[in-house]
Amino acid sequence: ALLQGGDKTQRQATRLAKQYQIKSDPEFMFEVVGNAEMPIENRKEALSYLVDQKDPKASDALRAALKDDDAHLRAFALVRLVGLARDRALPMVKRALASGSVPEQQAAYQCLPGLDAGPDLVKAALADLNKVPAAARLDVIEAAKALAADAGVKAALDAYENGLDK
């Protein structure tokens, strides 16, 4: 019944259901993820619920969210996919970096520390930072700092920071 309430009530109910591992209707949660008329936060909570509960509908919900018209939902789904299936997510991360919206690029850069290919992708971004949208540059720097244990990333980050001093 709470899940049928207003937007804020629904979001809180979804969050509590996830937190306390209360079983909810996965079909309803799936519908929320795909409903463009719902507030984006509700859609994200419903997607998180399905993923966190390891519901069989989670993969379908992720697939739908990754193709959604809302760039913020696509970005959120990308982060959740990386946490769930790193190997399968790499092509999508690369696609987001190459041609995604700014929120998708930001999410992709945030995912890089969790990927084996992360250091190489961060080094490439640092080498040509002017091609990265201004709104995503901080995400590149944060990813580089998270991957600074890699000697190549550390060198690229140092070169970038040294260039700032000039």
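Throughout this description, residue numbers start from 1 for each chain and increase along the sequence as written. The predicted nature of this model means local features are confined to residues of pLDDT at least 70 and side-chain atom pairs, given and counted, to a pLDDT of 80 or more, with totals for whole chains, interfaces and linings taken over all residues. Water and hydrogen atoms play no part in the side-chain values, which are based on all heavy atoms of the structure.

## Topic: the pattern of salt bridges
Okay, step 1: In the sections that follow, a salt bridge refers to a side-chain nitrogen of Lys or Arg positioned within 4 Å of a carboxyl oxygen of Asp or Glu. Scanning all chains against the criterion turns up 10 salt bridges.
Okay, step 2: Between Lys57 and Glu27 there is a salt bridge, and its shortest N-O distance comes to 3.3 Å. Of this pair, Lys57 sits in the loop between helix H3 (40–52) and helix H4 (58–66) while Glu27 is found in helix H2 (residues 26–34), placing the two residues 30 residues apart along the sequence.
Okay, step 3: Residue Asp68 is joined to Arg43 by a salt bridge in which the shortest nitrogen-to-oxygen separation is 2.5 Å. Taken together, the residues Asp68 in the loop between H4 and helix H5 (71–84) and Arg43 in helix H3 connect sequence positions 25 residues apart. Neither Asp68 nor Arg43 differs from the other in exposure class; each is buried. Helix and strand labels come from DSSP, where a helix needs a run of H or I of at least four residues and a strand needs a run of E of at least two; each type is numbered from the N terminus. Partly exposed describes any residue whose relative accessible area lies between the buried limit of under 20% and the exposed limit of over 50%, with all areas from a 1.4 Å probe on protein chains only and scaled to the type maximum.

## Examining the layout of surface pockets
Okay, step 1: Using protein atoms alone on a 1 Å grid, points that fit a 1.4 Å probe yet trap it form a cavity, whereas open point sets bounded by protein on both sides within 12 Å along at least five of seven lines form a pocket; residues with an atom within 4 Å of a point count as lining. Grid points are joined across faces, edges and corners, and a volume is the space filled by probe spheres set on the points. When its volume is computed, the largest pocket comes out at roughly 330 Å³.
Okay, step 2: Here the lining of the largest pocket gets 5 residues from one element, more than from any other, and that element is helix H6 (residues 86–99).
Okay, step 3: By volume, the second largest pocket amounts to about 170 Å³.
Okay, step 4: Together, Lys94, Leu97, Ala98, Tyr109, Leu121, Ala124, Ala125, Asp128, Lys131 and Val132 line the second largest pocket.
Okay, step 5: Elements with a minimum of two residues in the lining of the second largest pocket: H6 and helix H8 (118–127).

## Section: H4
Okay, step 1: Along H4, the positions that sit buried rather than exposed are Ala58, Ala61, Leu62 and Ala65. For H4, the angular spread of buried residues about the axis comes to 100°, placing them on one side.
Okay, step 2: Note on contacts: a residue pair qualifies if any of its non-hydrogen atoms lie within 4.5 Å across the two residues. Where H4 is buried, its residues contact H2, H3 and H5. To be clear, the arc concerns the directions from the helix axis to the C-beta atoms.

## A short note on the environment of Ala125
Okay, step 1: Among the secondary structure elements, Ala125 is positioned in helix H8.
Okay, step 2: In this structure Ala125 comes out as buried when scored by relative accessible area, which is 7%.
Okay, step 3: Setting aside residues no more than four positions away along its own chain, Ala125 makes contact with Tyr109, Val132 and Val140.

## Thoughts on H8
Okay, step 1: Buried residues of H8: Gly118, Pro119, Leu121, Val122, Ala125 and Leu126, and no others. The arc enclosing the buried residues of H8, seen along the axis, measures out at 165°, which places them on a common side. Pointing more than 90 degrees away from the buried face of H8 are the exposed residues Asp120 and Ala127.
Okay, step 2: Contacts made by the buried residues of H8 are with H6, helix H7 (102–111), helix H9 (134–146) and helix H10 (151–164).

## Observations concerning the packing of H7 against H9
Okay, step 1: At a minimum axis distance of 8 Å, the contact between H7 and H9 shows a crossing angle of 5°. As far as their axial angle goes, H9 and H7 are roughly parallel. Of the residues in H9, those touching H7 at Val102, Gln105, Gln106, Tyr109 and Gln110 are Ala135, Ala136, Asp139, Val140 and Ala143. In this analysis an axis means a line fitted to C-alpha atoms, helices contributing only their contacting stretch, and an angle means the value between N-to-C directions, from 0 to 180 degrees. What sets the label is the angle itself: under 35 degrees gives roughly parallel, over 145 gives roughly antiparallel, 65 to 115 gives roughly perpendicular, and the rest give oblique.

## Digging into the nonpolar core
Okay, step 1: Definition used in this section: a nonpolar core is a set of buried Ala, Val, Leu, Ile, Met, Phe, Trp, Tyr and Cys residues joined via side-chain atoms within 4.5 Å. Counting residues in hydrophobic clusters, the biggest one holds 43 residues, and the most contacted among them are Leu47, Val93, Tyr109, Leu112 and Val122.
Okay, step 2: In this structure Leu112 touches Val93, Leu97, Gly118, Leu121, Val122 and Leu147, once residues within four positions along its chain are discounted.

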